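Topology and contacts: notes
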Amino acid sequence: MTPIVLDFETYYAQDYSLSKMSTEAYVRDPRFEIICVGIKGLGKETQMVWGDANVRNTLSRLPWERIVLICQNTAFDGFILSEQLGIYPAMYCDTMSMFRRLYPHKRASLKVIAETLGLPSKGTEIVNAKGKRAADFTPAERQAFLDYCALDCALTEAAWEKLKVGYPMNELRLIDLTIRMVCNPVLRLDPVPLTLELQEQRRLKEELLSRVEADKSTLMSNGLLAEWLQGLGVEPPRKISPTALKKNPALAGDPDAPTTWAFSKTDKGMKALLNHEDPTVVALVEARLGVKSTIKETRAETFLGVSSRGTLPVPLLYYGAHTGRWSGGGGLNLQNLTRGSRLRDAILPPEGERLLVCDLSGIEMRVLAWFAGQGDVIDTVRKGEDVYCLMATSLYGRPITKKDKRERQVGKILQLACGYSMSWKMFAEYTAAQNMIFTAEDCEAMGVDMARARTMTKKSDLTPHEAAAWYAVSQYRSANWAIAGLWREAEQALHAISAGHRIQVGHPEGVVFTSPQGFDTPDGGIILYPGLKQDGKTWVKHSKEGTSYLHGGLVVENIVQHLSRQILSWQMLKAVQAGLHVVLTCHDEIVCVAPEAEAEEQYAVLERIMKTAPSWAVGLPLDAEGGTGANYGEAK
């Protein structure tokens, strides 16, 4: 295998650039033109080629079946190779992805990578190329641009040499798989359900507008909306300014902190207005949220655009979250496709093939209980019994079965919501948002002592809903004593990380250990907490978004999500080794395509793999479910 570094420079203009378009739309646009390319063998001089035709001719003669491609943004350069030249390297590597795993608190641009790794500064000649075709460059401009491209190749090679040291081979394979989903797209899009979705979203907005006297401009303007609410006798909700809070986290809870309107769908005040006694207020707020939210309409338009240009690239960000999970990208966000949506129905396999979709069942709940040593939950899962009934039985003090639908639902919400030390106040808000309002009858059924509840919560005007929420959380912590103990253990782990000590956390088999940077996990995994320090009694760390807070429950959530990711990643690579064609991963799901005649057989292989735990997860009972289909929605 021969590794080469490659960097394309392409035509861009004011209304045609990657800052305004997705990679897919940009590369497939009729305006696309390759200006030049840099090709660099490791430790060798960079070969520079100018002009679209010359570049295509040069690249077509290379032995790509033996080449390992190394780029700074391989999803871009690799997509040019496949889409414009029909070239597919033997393996894709990507310094941007590698950097994202090792420095999750930083942007992964070549400029930042160079600064972080102590490399020469990246050039700026690209700004002078705006709007210029290859034929438009003067000889001096052409040489300057070639030098700029050659420097990018040299920086990418230098970054590769530094980043590859100790980098797990299985993670390099995952990067290759992730990039391959973009650069070798096989999924198709059916425009019919996409068109129906777009029409439906536009109809819903028109319907919302027809219910209120306010026009669209009023609903879109925070100031005008506030005036309209005041005219209805409602004080518009406010919150601490997110911008000010980001600059100074200490403002949290400060009554004198600068505020702004709390008009987003996640703001508590806005949620409260949705339950206002005045139906005019409710209609106004619903119209505002409906008109302001354009994501469904925009996504349908974006998918339609892709369908008109070709197959569907799957632009996932490797290590998009600091726990290692993938995140969506490319303007499509394929990590956020609601089940039952027309967008899922629109995703098709290649002609003559079927989609195979398999999902890990309750993976975080299982990993949490296993890692904490919550034996009763693991035993319940292993026996195929219902964990939510187990929790509800503990809460209500009597046997709960699946026939007790409401009680089981309470147990399910409690089990899924409180694994990471959710407070009773947050649980009360969460259940209310889920339209699960506890009544005095619920308190009686649970055996809640209202006097004790008021004393323990220090709230004399405690409502039945709040009392039941307090009691439910208390019962969860009592029943799940090992999980609650893990929160405290994780809090102590932060002290060990800060002091640079190595201690074992969680499962007794030695699965997770602290390090001076964060946590070491199986299969070469890491969870990094850059800049970890204690601010009073609170732990803080740095991230791309600024300073964030940590506590034991959140640390446990990070570890569980990361271990779940490590399991799914191992399974993805096992699926590839078994000859399956993996085309997408969505949360805890693996999606493959297979010829129609082999679909059921290959699905059985996939399901068997996903019910198998890695060797380090001894005793972890896994389960998976799914199926095959003619489209994504039908398969799962």
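Being a predicted model, the structure only gives us computed values, none of them experimental.

**Description of the packing of aromatic side chains**
- Applying the stated criterion to the full structure yields 14 aromatic pairs.
- Arranged with centres 5.8 Å apart and planes meeting at 5°, the rings of Phe145 and Tyr148 form a pair that is stacked. Here the residue Phe145 and the residue Tyr148 both occupy positions in helix H6 (residues 139-163), the gap between them amounting to 3 residues, near one helical turn. Summarising the burial analysis for this pair, Phe145 and Tyr148 share the class buried.
- Summarising the aromatic geometry, the rings of Tyr318 and Tyr319 are spaced 5.3 Å apart at their centres and angled 55° between planes, so their arrangement reads as tilted. Here the two residues Tyr318 and Tyr319 agree in accessibility, since each one is buried.
- Feature note: the residues Tyr11, Tyr16, Tyr26, Phe32 and Phe76 constitute an aromatic cluster, connected by ring pairs.
- Over the aromatic face of Tyr167 sits the side chain of Arg101, whose NZ or CZ is 4.8 Å from the ring centroid.
- If you follow Arg344 out to its NZ or CZ, it ends over the ring of Tyr632, 4.3 Å from the centre.

**Here we look at the nonpolar core**
- Of all hydrophobic cores here, the largest spans 183 residues; its most connected members are Leu334, Phe427 and Phe519.
- A total of 10 residues in this core trace back to one element, the largest contributor, which is helix H25 (residues 552-577).
- When neighbours within four sequence positions are excluded, Phe427 is seen to be in contact with Ile413, Leu414, Ala417, Cys418, Met422, Phe438, Ala469, Ala472 and Val473.
- Ala226, Phe263, Leu273 and Leu289 belong to the second largest nonpolar core, which has 19 residues in total.

**A look at the layout of surface pockets**
- Of the pockets and cavities examined, the second largest pocket occupies roughly 760 Å³.
- Lining the second largest pocket are 29 residues; nearest its centre among them are Asp359, Leu360, Gly362, Ile363 and Asp588.
- When residues of the lining of the second largest pocket are traced back to their parent elements, those giving at least two are strand S12 (353-360), helix H16 (363-372) and helix H19 (405-417).
- Top element by residues in the lining of the second largest pocket is H16. It accounts for 6 residues.

**Re the pattern of salt bridges**
- In total, this model carries 36 salt bridges according to the counting rule given.
- The partner of Lys459 in a salt bridge is Glu466, and the shortest N-O contact between them spans 3.2 Å.
- Residue Lys459 is classed as partly exposed on the basis of its relative accessible area, which comes to 23%.
- Assessed through its relative accessible area of 17%, Glu466 is described here as buried.
- Taken together, the salt bridges that share partners define one network made up of Glu24, Arg28, Glu83 and Arg309.

**Details of helix H10 (residues 222-231)**
- Of the residues making up H10, those classed as buried are Leu225, Ala226 and Leu229. The buried residues of H10 occupy one face: seen down the axis, they fall within an arc of 100°. Summarising the geometry of H10, the exposed residues directed more than 90 degrees from the buried face are Glu227 and Gly231.
- Of the surrounding secondary structure, the elements contacted by the buried residues of H10 are helix H9 (216-220), strand S8 (259-261), helix H12 (268-273) and helix H13 (279-292).
- Gly233 sits one or two residues past H10 and shows a positive phi near 80°.

**Here we look at the pairing of strand S2 (residues 34-41)**
- Of all 8 residues making up S2, 8 are buried, and the element is well covered by its neighbours.
- As paired elements, strand S1 (residues 2-10) and S2 share 7 bridges and run antiparallel to each other. Residue Ile4 lies in a different strand from S2, and its bridge partner there is Gly41.
- Of the strand pairs in this sheet, S2 and strand S3 (residues 46-50) are connected by 5 bridges, and their pairing is antiparallel.

**Brief notes about the environment of Met450**
- Within the secondary structure, Met450 sits in helix H22 (residues 450-457).
- Placed 17 residues apart in sequence, Met450 and Ala467 show a C-alpha to C-alpha distance of 6.8 Å.

**So, the sheet that holds strand S4 (residues 67-71)**
- Within the open sheet, the 5 strands sit side by side as S3-S2-S1-S4-S5. Their pairing is mixed. The outermost strands of the open sheet, each flanked by one partner alone, are S3 and strand S5 (91-94). Across the sheet, the mean angle separating the axes of adjacent strands is 25° when strand polarity is ignored.
- Of the strand pairs in this sheet, S4 and S5 are connected by 4 bridges, and their pairing is parallel. Residue Leu69 lies in a different strand from S5, and its bridge partner there is Tyr92.
- Of the strands in this sheet, S4 and S5 are in contact with helix H4 (residues 95-102), which crosses S5 at around 50°.

**What about the packing of H4 against helix H5 (residues 110-117)?**
- Running from amino to carboxyl end, H4 crosses H5 at an angle of 55°, the nearest separation of the two axes being 11 Å. It follows from the interaxial angle that H4 and H5 lie oblique. Note that H4 runs across H5; the crossing there is left-handed. Contact with H4, carried on its side by Thr95, Met96 and Phe99, involves Val112, Ile113 and Thr116 of H5 and no other residues of that element.
- Looking at the contact of H4 with H5 residue by residue, the class counts come to 4 nonpolar, 2 polar and no charged.

**Focus on the environment of Lys216**
- Here Lys216 shows up in helix H9.
- Using a relative accessible area of 46% as the deciding quantity, one classes Lys216 as partly exposed.
- Spatially, the C-alpha atom of Lys216 lies 28 Å from that of Ser19, the residues being 197 residues apart in sequence.
- Not counting the four nearest positions on each side in its chain, Lys216 is found in contact with Leu209 and Val291.

**Re H16**
- Counting buried residues along H16, 9 of its 10 residues qualify, which places the element largely inside the surrounding structure.
- All buried positions along H16 are accounted for by Ile363, Met365, Arg366, Val367, Leu368, Ala369, Trp370, Phe371 and Ala372.
- Just downstream of H16 lies Gly373, where phi reads positive at about 80°.

**Notes on the state of the cysteines**
- Counted under the stated rule, the structure contains 0 disulfides.
- Looking at the unpaired Cys36, the closest cysteine sulfur is the one in Cys149, lying at 4.2 Å.
- Judged by relative accessible area, Cys36 falls into the buried class, the value being 0%.
- In this model Cys153 remains outside any disulfide bridge; the closest cysteine sulfur is found in Cys149, 4.7 Å from its own.
- Residue classification places Cys153 among the buried positions, given a relative accessible area of 0%.

Cut-offs and rules
- Residues numbered from 1 in each chain as written.
- Predicted model: local features only at pLDDT ≥ 70, side-chain atom pairs only at ≥ 80, totals over all residues.
- Heavy atoms only, no water.
- Phe/Tyr/Trp six-rings, centres within 6.5 Å; stacked < 30°, edge-to-face > 60°.
- Helix = DSSP H or I, 4+ residues; strand = E, 2+ residues; numbered from the N terminus.
- Buried < 20%, exposed > 50% of the residue type's maximum accessible area, 1.4 Å probe, protein only.
- Lys NZ or Arg CZ within 6 Å of the ring centre and 35° of its normal.
- Core = buried A, V, L, I, M, F, W, Y, C linked by side-chain atoms within 4.5 Å.
- Contact = heavy atoms within 4.5 Å.
- 1 Å grid on protein atoms, 1.4 Å probe; cavity = no way out; pocket = protein on both sides within 12 Å on 5 of 7 lines; lining within 4 Å.
- Points joined across faces, edges and corners; volume = space filled by probe spheres on them.
- Salt bridge = Lys/Arg side-chain N within 4 Å of Asp/Glu carboxyl O.
- Arc of directions from axis to C-beta.
- Pairing = 2+ DSSP bridges.
- Axes fitted to C-alpha atoms, helices over the stretch in contact; angles between N-to-C directions.
- Parallel < 35°, antiparallel > 145°, perpendicular 65-115°, else oblique.
- Left-handed = near helix turned anticlockwise from the far one by under 90°.
- Nonpolar A, V, L, I, M, F, W, Y, C, P; charged D, E, K, R; others polar.
- Disulfide = S-S within 2.5 Å.

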